[in-house]
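Structure at a glance
Listed below, chain by chain, are the residues.
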Amino acid sequence: MSREQYVVGVDVGTGSVRAALVRSDGSFVKVATQATQTWNPAPGYYQQSSMDIWYCCCKVIKEVLKDVAPEQVKGLGFDATCSLVVLDQTGKPLTVSPTGEVDQNIILWMDHRAHHEAKLVNDTKHEVLKYVGGKISLEMEIPKLMWLKKCLPKTWKQAGKFFDLPDFLTWKATGTDSRSLCSVVCKWTYEVDVDTGVVKGWNRHFFGLLGLSDLLDNDCAKIGQVILPPGSPCGSGLSAEAAKELGLIVGTPVATSIIDAHAGGLGLIGCTFTGLPCDFTSRLCLICGTSSCHMAVSQSPIMVPGVWGPYFSAMVPALWLSEGGQSATGKLLDHIIDTHPATAGIRAMNAGIHLVTYLNKLLEQLASSEGLDSIDQLTQDLHVWPDLHGNRSPLADPTLRGMVSGLTLSSDSKDLALLYLATVQALAYGTRHILDSLETAGHHKMECLLICGGLSKNPVFVKTQASVIGRAVLLPQRTEAVLGGAAMLAAFAAGLYPFVEAAVTAMAGPADLIEPDAHSIEYHNRKYTIFLKMVEDQQAYRNIMHSK
């Protein structure tokens, strides 16, 4: 048996847990996946179970370790969605459900129940809001905690610990009650001074205004006393209980966790292509799955209206992170496809062919039959504003809704293909909107876009992103960049690399280059103008309806 050294990266996404066995050079050996459970008890409510998620973690980790000796695994790294986990004084689950199911103790990131609480937070106009683009999102933890205190007082009274999901995983693995700087800075309003980079901590005045002062009792025991940078060794490593559950050695180093999108940013930002500079501050990372995140780093803090941050050392050590994003991307495309009248018939007639593959091929046929230079131009009279689940960035308005201009009475496969393409284009215009906001605020010109996640496997999505922004896209050859980011932190925690940056540079690997379609750039410039006009029109309609 080979005595090669490995690390394990674990990614807890919205709908599944994945683990990867990774060599110290960043190459992948094996990946395993296990679906997780999500409950949707009411519109806008999404709940999960920490017991279910930990069970899935154990299952996938043991699966990837089947062919290696436990002592060959030198480190373990976790990333996860920024979801709120609630435990009692003994570490057992407490319900977050309005219907009282005890095991449902996680409010998922995409849960929108706390819309009223988010408005109350933003009405304070408190100084901490400058770190989240001027407005807190109802996806973040503070509004959810306010909702919990108001609506489930029994759970609030019994609560012993509140975790961001990535931090719950390291606690479960090590028994160490610490939090990641990534989680608390990005989602909990933990402050780092923008002038000095000095940690300021929890803002007592802010918590008092919101009626959450009790969270700061006992030296903030419920929300975090020990805050560590991502990748730092967490406690003494794997506990005896966790080591037994995972089939690993007690004391195996566990890296302080990171949010899933931020792990993807780490996995992307060091990718190489011959002749293209690898300056972290001139690269925009797009991590796209159910939702999407757009990550840009800078040497100094840059305030970008409607974009979260700047966050110090939340992704790359000593660099400031600006985090934009879209609340629904993969989920939006699934919705467009699954709700269309033609979908059932297409699936029945094309068993074994992925529907997106079918649509991409159909678009090529349509463009060819119409004598067009590219499929892009098929949507000249069809325009989409994609915020069916609200706008995360750069407008930071969760009340915005989707719009379509150019609908007909058609409901056949061609109609579905065109609506799908127009939606893909709208998501790319969203990227451009965020990119423009970053550069206008003072970020370096972004020389390229790096993409990972499920949508990066769709060539139409990737090519459209390149053509819309008019810049090259780098597509990592190691396609699991999120798992790669978690593995990089594990390698650093294990001492295989002296710095996180060294692990990023050594383990990211090469990328493929996708150039924009020169025929389509001017076309997309015109459609982007319409894209911006659509949201102006939506806001104008609201003003008319709210006027008296």
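Here, every reference points to the structure presented above.
Numbering of residues starts from 1 in each chain and follows the order in which that chain's sequence is written. The predicted origin of the model limits local features to residues at a pLDDT of at least 70 and limits the giving and counting of side-chain atom pairs to 80 or more, whereas totals for whole chains, interfaces and linings rest on all residues. Side-chain measures here rest on the full set of heavy atoms in the structure, leaving out hydrogens and waters.

**Some remarks on the overall build of the chain**
- For helices the rule is a DSSP run of H or I covering at least 4 residues; for strands it is a run of E covering at least 2, with both sets numbered from the N terminus onward. Regarding its fold elements, the chain presents 18 helices and 22 strands.
- Here the globule rule is a power law, 2.2 Å times the number of residues to the power 0.38, and the radius of gyration is based on C-alpha atoms. Against the globule reference of 24 Å for 548 residues, the chain gives a C-alpha radius of gyration of 23 Å, in line with a compact fold.
- In terms of principal-axis extent, the alpha carbons of the chain reach across some 70 × 65 × 50 Å.
- Accessibility here uses a 1.4 Å probe with only protein chains present; expressed as a share of the type maximum, an area under 20% marks a residue as buried, one over 50% as exposed, and anything in between as partly exposed. Across the 548 residues that make up the chain, the buried fraction comes to 60%.
- Contact definition: two residues touch when any of their heavy atoms are within 4.5 Å. Pairs at least 24 apart in sequence give 71% of the contacts found in the chain among residues at least 6 apart.
- Two residue types count as positive, namely Lys and Arg, and two as negative, namely Asp and Glu; His and chain ends fall outside the count. Throughout, a charge is located at the NZ atom of Lys, the CZ atom of Arg, the CG atom of Asp or the CD atom of Glu. For the chain, the distance from the average site of its 45 positive side-chain charges to the average site of its 53 negative ones is 4 Å.

**Some remarks on the sheet that holds strand E6 (residues 84–88)**
- Only strands that DSSP links by at least two bridges are regarded as paired with each other. Pairing in this open sheet of four strands is antiparallel, and the strands run E4-E7-E6-E8 from one edge to the other. Two strands bound the open sheet, and with one partner strand each, they are strand E4 (47–48) and strand E8 (159–164).
- Taken together, the two bridges between E4 and strand E7 (residues 106–107) define a ladder with antiparallel strand orientation. Along E7, the bridge assignment pairs Gln 48 with Ile 106.
- Between N-to-C directions, angles span 0 to 180 degrees; the directions come from axes that are lines fitted to C-alpha atoms, helices contributing only their stretch in contact. Helix H3 (residues 141–151) contacts E6, E7 and E8 of the sheet and is inclined by roughly 45 degrees relative to E6.
- Sheet strands touched by helix H5 (residues 165–174): E6, E7 and E8. Its angle to E8, the strand with the most contacts, is close to 115 degrees.

**Looking at the sheet that holds strand E14 (residues 283–288)**
- Read from one edge of the open sheet, seven strands run E16-E17-E15-E14-E20-E21-E22, paired in mixed fashion. Of all the strands in the sheet, just strand E16 (308–312) and strand E22 (511–514) have a single pairing partner and so form its edges. When strand polarity is set aside, the average angle formed by the axes of neighbouring strands in this sheet is 25 degrees.
- Pairing of strand E21 (residues 472–476) with E22 involves four bridges; the strand directions are antiparallel. Paired with Leu 475 across the two strands is Asp 512, which belongs to E22.
- Against the sheet, helix H10 (residues 260–269) touches E14, strand E15 (292–298), strand E17 (320–326), strand E20 (448–452) and E21, its axis set at about 130 degrees to E14.
- Together, E14, E15, E17 and E20 form the strand contacts of helix H14 (residues 413–441), whose direction differs from that of E17 by roughly 150 degrees.

**Concerning the pairing of E6**
- For E6, the buried fraction is high: five of the five residues fall into the buried class.
- Going residue by residue along E6, you find Leu 84, Val 86 and Asp 88 tucked away on one face and Val 85 and Leu 87 tucked away on the opposite face as well.
- Summarising the sheet, E6 and E7 pair through two bridges and their orientation is antiparallel. Within E7, the residue paired with Leu 84 across the bridge is Ile 107.
- Relative to E8, E6 runs antiparallel, the two being bridged by five bridges. If you follow Val 85 over to E8, its bridge partner there is Phe 163.

**Thoughts on the pattern of salt bridges**
- The term salt bridge refers to a side-chain nitrogen of Lys or Arg lying within 4 Å of a carboxyl oxygen of Asp or Glu. As enumerated under the stated definition, the model contains 18 salt bridges in all.
- For Glu 4, the salt bridge is made with Arg 23, and the minimal N-O distance between the two is 3.5 Å. Here the residue Glu 4 occupies a position in the segment before strand E1 (6–12), and Arg 23 occupies one in strand E2 (residues 16–23), the gap between them amounting to 19 residues.
- Among the residues examined, Arg 23 registers a relative accessible area of 26% and is labelled partly exposed.
- The partner of Glu 191 in a salt bridge is Lys 200, and the shortest N-O contact between them spans 3.8 Å.

**A closer look at the packing of aromatic side chains**
- Classification of ring pairs rests on two measures: the distance between centres of Phe, Tyr or Trp rings, Trp counted by its six-membered ring, which must be within 6.5 Å, and the angle between planes, read as stacked under 30 degrees, edge-to-face over 60 and tilted in between. For the coordinates displayed, the defined rule picks out 15 aromatic pairs.
- On the basis of an interplanar angle of 40 degrees and a centroid distance of 6.4 Å, the ring pair of Trp 54 and Phe 78 is categorised as tilted. Of this pair, Trp 54 sits in helix H1 (residues 50–64) while Phe 78 is found in strand E5 (residues 73–80), placing the two residues 24 residues apart along the sequence.
- Judged by its relative accessible area of 5%, Trp 54 is buried.

**What about the packing of helix H11 (residues 330–338) against H14?**
- Close contact between H11 and H14 brings their axes to 10 Å; oriented N to C, the two are set at 165 degrees. Relative to H14, the element H11 lies roughly antiparallel. Handedness of the crossing formed by H11 with H14: right-handed. Across the interface between the two elements, Leu 332, Leu 333, Ile 336 and Ile 337 from H11 touch Leu 416, Leu 419, Tyr 420, Thr 423, Val 424 and Leu 427 from H14.
- Residues are grouped as follows: Ala, Val, Leu, Ile, Met, Phe, Trp, Tyr, Cys and Pro are nonpolar; Asp, Glu, Lys and Arg are charged; all remaining types, including Gly, are polar. Partitioning the contact of H11 with H14 into residue classes produces nine nonpolar, one polar and no charged. Roughly parallel means an angle under 35 degrees; roughly antiparallel, over 145; roughly perpendicular, 65 to 115; everything else is oblique. Crossings are sorted by hand: turned counterclockwise from the far helix by less than a right angle, the near helix makes the crossing left-handed, and turned clockwise it makes it right-handed.

**Describing the layout of surface pockets**
- Put simply, the grid is 1 Å and covers the protein atoms alone, a cavity is a trapped set of points that fit a 1.4 Å probe, a pocket is an open set with protein on both sides within 12 Å along at least five of seven lines, and lining residues have an atom within 4 Å of a point. Grid points are joined across faces, edges and corners, and a volume is the space filled by probe spheres set on the points. Space inside the largest pocket adds up to approximately 990 Å³.
- Together, 45 residues line the largest pocket, and Cys 288, Gly 289, Thr 290, Gly 453 and Gly 454 are the ones closest to its centre.
- Elements with a minimum of two residues in the lining of the largest pocket: E2, H10, E14, E15, H11, helix H13 (355–369) and helix H16 (481–493).
- Residue contributions to the lining of the largest pocket peak at six residues, all from H11.
- Counted by class, the lining of the largest pocket contains 17 nonpolar, 15 polar and 13 charged residues.
- Every residue lining the second largest pocket is counted, 25 residues in all, and those nearest its centre are Asn 122, Lys 135, Ile 136, Ala 396 and Pro 398.
- A total of six residues in the lining of the second largest pocket trace back to one element, the largest contributor, which is helix H2 (residues 115–123).
- Partitioned by chemical class, the residues of the lining of the second largest pocket number seven nonpolar, eleven polar and seven charged.

**Brief notes about the environment of Asp 412**
- Counting through the fold element by element, Asp 412 comes out in the loop between strand E19 (403–405) and H14.
- A relative accessible area of 40% places Asp 412 in the partly exposed class.
- A sequence separation of 284 residues divides Asp 412 from Val 128, and the C-alpha atoms of the two residues are 50 Å apart.
- Residues within four places of Asp 412 in sequence aside, it is in contact with His 340 and Ala 342.
- By the criterion applied in these results, polar contacts are pairs of N or O atoms within 3.5 Å in which, for protein atoms, one can donate a hydrogen and the other can accept it, and in which residues neighboring in sequence qualify only through two side-chain atoms. Within the local environment of Asp 412, its side chain forms a polar contact with the backbone nitrogen of Asp 415, the two atoms lying 2.9 Å apart.

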